[in-house]
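Structure at a glance
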Amino acid sequence: MNPIDPRVHQVLDGELARESLPPELRRVVDRLESAAALLAAAVPPQGAGLETRVMAAVRRPAPSGDRVRRLLRWFATPQAVTLRIRPAWSLALAAAIVLLTLVPTDERAPALGEHEGIAQFVGRFPDAHSVHVAGSFNDWRTGTIPLEDRDHDGVWRATVVLPTGAYEYMFVVDGERWVPDHWADRLVEDDFGRENSIVIVRATWR
Amino acid sequence: MRGGPSDTEVVARVLGGDREAFGLVIRRYETGLLRFATRMLGSRDAAADAVAEGLVRAYRHLASCRDPSRLRTWLFRIVANRCKSYLSRRAVGDVPLEEAPPVADSTDNEASLERAEQLALVAQALARLSPDKREAFVLKHVEGLSYQEMAAVTGERIPTLKMRVHRAREALLQVLEDHA
């Protein structure tokens, strides 16, 4: 393979004016530009339109994602509960509540399904005004799962119930800065060149 | 100048719940993405699959696009990765790139046939390059990206990309001169 005169590369890279080249080197530039122009011809679409195909997938709800979203929404939204009970039963209910309150128990974990587990997200961001977690469990939406720093020590926490499985995620600090969790179970590089953290949610159902 | 809403506006609409607005993204970039993937894979079917997969992934991860004003570069990165994934898992026995049919004009006159022959020659020369060099040449000279944009697409440093483009030019020129 014969090396090309460096001035040809400079012209093709826009670093040198074409007029400064001698005629034989201009022909080399022409030849390469002609080849590129051939390759730049538009490729006619094949078969079903790309837009139709992609939009069909876009309109199709992602089953697991929807389930997670519904679950998260349920946990994040206040739920109105109305109980209608007979006065006689109210006494029994009150007794039961007293019993549950006074008798020590270790059963403090929320009731979870067989295929659900608890994911805890913790990050130290002393100067942050808000921290959220976004990941494959919430379609990378940035505003749905906030972390809290209740004691103002710069350590932000959130606990969410998720279906079991492995999820990629990142922290979103102050709504714009995407930060991986370096204390995560694992880190992986995604298609977009970033390092995502991985959380593995295991069933805690008993 | 391109009309319509900016990429930033379109992304905001999609993230706001208007998923039909993603059609604008597809119409805006499908020509370039399909051409890029076809030149990378040498097969229009495989290219259509790679671009479709890439666009669906882009939609699902749109909220993680940090700079929607550079949406085009972001989409090229996703599709480039889809192409690399396809090339790495291409089974032995598949149609090799250099035997893939050229993409020709649909008209059937003498000039277009000659043009199709030239295109086949260039496409075969391109197919003989390593995927890295092919990617660099296509991004630079076919899609017209700057070296900065290419660095964003590939994750490589600019001197590395320049070297790949230079080597690709030399290899292509050699083939073209051999057939002159």
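To be clear, the structure that these remarks concern was listed above.
We now turn to the structure provided with this report. Not measured: the values here are computed from a predicted model. (Residues numbered from 1 in each chain as written. Chains lettered and ligands numbered in written order. Predicted model: local features only at pLDDT ≥ 70, side-chain atom pairs only at ≥ 80, totals over all residues.)

1. Thoughts on the overall build of chain A
Regarding its fold elements, chain A presents 5 helices and 7 strands. Going from N to C terminus, chain A has its helices and strands arranged as α-α-α-α-α-β-β-β-β-β-β-β. Within chain A, the fraction of its 206 residues that count as buried is 20%. Put simply, 58% of the contacts in chain A that link residues at least 6 apart link residues at least 24 apart. (Helix = DSSP H or I, 4+ residues; strand = E, 2+ residues; numbered from the N terminus. Buried ≥ 20, exposed ≤ 12 C-beta atoms within 10 Å, placed from the backbone. Contact = placed C-beta atoms within 7 Å.)

2. Structural notes on the nonpolar core
Ranked by internal contacts, the top residues of the largest apolar core, which has 62 residues, are Ala 37, Val 51, Leu 75 and Val 79 of chain B. Among the elements that take part in this core, helix H2 (residues 22-41) of chain B stands out by supplying 10 residues, more than any other. Excluding its chain neighbours within four sequence positions, the residues that come into contact with Val 79 of chain B are Leu 33, Phe 36, Ala 37, Ala 50, Val 51 and Gly 54 of chain B. Among the nonpolar cores identified, the runner-up in size contains 18 residues, and Phe 121, Val 160, Val 172 and Val 201 of chain A belong to it. (Core = buried A, V, L, I, M, F, W, Y, C linked by C-beta atoms within 7 Å.)

3. Side note on the pairing of strand S7 (residues 195-201) of chain A
Here strand S4 (residues 165-173) of chain A runs beside S7 of chain A; their pairing, made up of 5 bridges, is antiparallel. The partner of Tyr 169 of chain A across the bridge, within S7 of chain A, is Ser 197 of chain A. (Pairing = 2+ DSSP bridges.)

4. Brief notes about helix H7 (residues 147-154) of chain B
All names here are of chain B. Along H7, the residues classified as buried are Met 150, Val 153 and Thr 154. Projection of H7 onto a plane perpendicular to its axis shows the buried side chains occupying an angular sector of 80°, all on one side. Turning to H7, the residues buried within the fold contact helix H4 (71-89), helix H6 (131-142) and helix H8 (158-178). In the stretch just after H7, Gly 155 is the one whose phi turns positive, near 80°. (Arc of directions from axis to C-beta.)

5. So, H6 of chain B
H6 of chain B sits mainly inside the fold: 10 of its 12 residues count as buried. The set of residues buried in H6 of chain B consists of Lys 133, Arg 134, Glu 135, Ala 136, Phe 137, Val 138, Leu 139, Lys 140, His 141 and Val 142 of chain B. Residues of H6 of chain B that are buried in the fold lie against helix H2 (23-39) of chain A together with H2, H4, helix H5 (110-128), H7 and H8 of chain B. Where H6 of chain B terminates, the next one or two residues include Gly 144 of chain B, which has phi positive at roughly 70°.

6. So, the interface of chain A and chain B
Taken residue by residue, the interface counts 36 residues in chain A and 47 residues in chain B. Listing elements by their share of the side of chain A that touches chain B, those giving two or more residues are helix H1 (6-12), H2 and helix H3 (50-59) of chain A. Among the residues making up the side of chain A that touches chain B, the classes are represented as 23 nonpolar, 6 polar and 7 charged. (Nonpolar A, V, L, I, M, F, W, Y, C, P; charged D, E, K, R; others polar.)

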